[in-house]
Amino acid sequence: MDIVLMGAPGAGKGTQAAKLETTLHCKHISTGDVLRAEIASGSELGRKIAAVINNGDLVSDEMMLSILKNVVSGTDKRIIFDGFPRTVAQAEMLDSMLKELGRKLGKAVMIALPEAAVISRLSSRRQCRLPNGEVHQIGPDFSLQDCAAQNGEIFSRPDDTPEHVAHRLAVYHRQTEPVIKFYQAAGVYAEVNGDQTPERVFESLLSVLKD
Ligand code: AMP
């Protein structure tokens, strides 16, 4: 059964989803990555998306759904959704899309993190772009030295500046937090403490997903 990974920006969803993908042999779908790939393709749609993302706002539910449908229908594996749904409307759309495709959501897990930790993580977050276009987040799995050794370029996401972080958090509180109630009502909601080492967060996730 499929999994939704929830959490404020910077809670560690991307890092944990990538580890879960390897350990549980599932497919990790990050809507942020899907959107950034569309931007990198240089398409007209990508240009529209860039304007929204760089402002820290959410891409429209309709646009999100049409982009996501192609990715989801292309796999038979169990899926980990990272960064989706971000609104109650998206959660409802996900429900009907999964039903249509004969799939089912098993758990929606929140990586919970105090707001001060979110702000400090996002403002110190750095990325490395390799000459082949791959992007890695600088952290325990990919260090500054790894980046330098592979001739990578260090950069910060344009939406990680202090003003954009404040705006993204406001958007998160207003639009994404109500999704918690939606999944609580559906009986699939669980929470893990995100304010611990990535290894401990991963163990907590595995244990919640076993239930
Ligand atoms: P992320 O990498 O998950 O932090 O996403 C980066 C940005 O992509 C967000 O701030 C939004 O602008 C956009 N985005 C990602 N996922 C969604 C979604 N499910 N709905 C709307 N916008 C999204």
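Structural data are supplied above this passage.
Residues numbered from 1 in each chain as written. Predicted model: local features only at pLDDT ≥ 70, side-chain atom pairs only at ≥ 80, totals over all residues. Heavy atoms only, no water.

Taken as a whole, the second largest pocket spans an internal volume of roughly 230 Å³. Taken together, Met-1, Asp-95, Leu-98, Lys-99, Arg-103, Lys-104, Leu-105, Gly-106, Phe-182, Tyr-183, Ala-186 and Val-188 form the lining of the second largest pocket. Residue assignment for the lining of the second largest pocket shows that the elements contributing at least two residues are helix H5 (88-100), strand S4 (105-112) and helix H9 (178-186). Of the residues in the lining of the second largest pocket, the class split is seven nonpolar, one polar and four charged. (1 Å grid on protein atoms, 1.4 Å probe; cavity = no way out; pocket = protein on both sides within 12 Å on 5 of 7 lines; lining within 4 Å. Points joined across faces, edges and corners; volume = space filled by probe spheres on them. Helix = DSSP H or I, 4+ residues; strand = E, 2+ residues; numbered from the N terminus. Nonpolar A, V, L, I, M, F, W, Y, C, P; charged D, E, K, R; others polar.)

Read from one edge to the other, the open sheet built from three strands follows the order S6-S5-S7, with strand pairing classed as antiparallel. In this open sheet, the two strands that pair with only one neighbour each are strand S6 (135-137) and strand S7 (153-155). Each neighbouring strand pair of the sheet contributes to a mean axis angle of 30°, computed without reference to strand direction. (Pairing = 2+ DSSP bridges. Axes fitted to C-alpha atoms, helices over the stretch in contact; angles between N-to-C directions.)

If you check the shell around the ligand, you find 16 residues, and the closest are Thr-31, Asp-57, Gly-83, Arg-86 and Gln-90. At a separation of 2.5 Å, an oxygen atom of the ligand approaches a polar backbone atom of Asp-57. Out of a free accessible area of 480 Å², the ligand has 96% covered by protein chains. Broken down by element, the residue count for the shell around the ligand peaks at four residues, all from helix H2 (residues 31-40). A per-class count over the shell around the ligand returns six nonpolar, four polar and six charged. (Near = heavy atom within 4 Å. Polar contact = N/O pair within 3.5 Å; in protein donor to acceptor, adjacent residues only side chain to side chain. Areas by Shrake-Rupley, 256 points an atom, 1.4 Å probe, with all protein chains shown as cover.)

With that out of the way, let us pick up helix H6 (residues 115-123). Taken together, the buried positions of H6 are Ala-117, Val-118 and Leu-122. Burial along H6 is one-sided: seen end-on, the buried residues are contained in an arc of 125°. Looking at the buried residues of H6, the elements they touch are helix H8 (162-176). (Buried < 20%, exposed > 50% of the residue type's maximum accessible area, 1.4 Å probe, protein only. Arc of directions from axis to C-beta. Contact = heavy atoms within 4.5 Å.)

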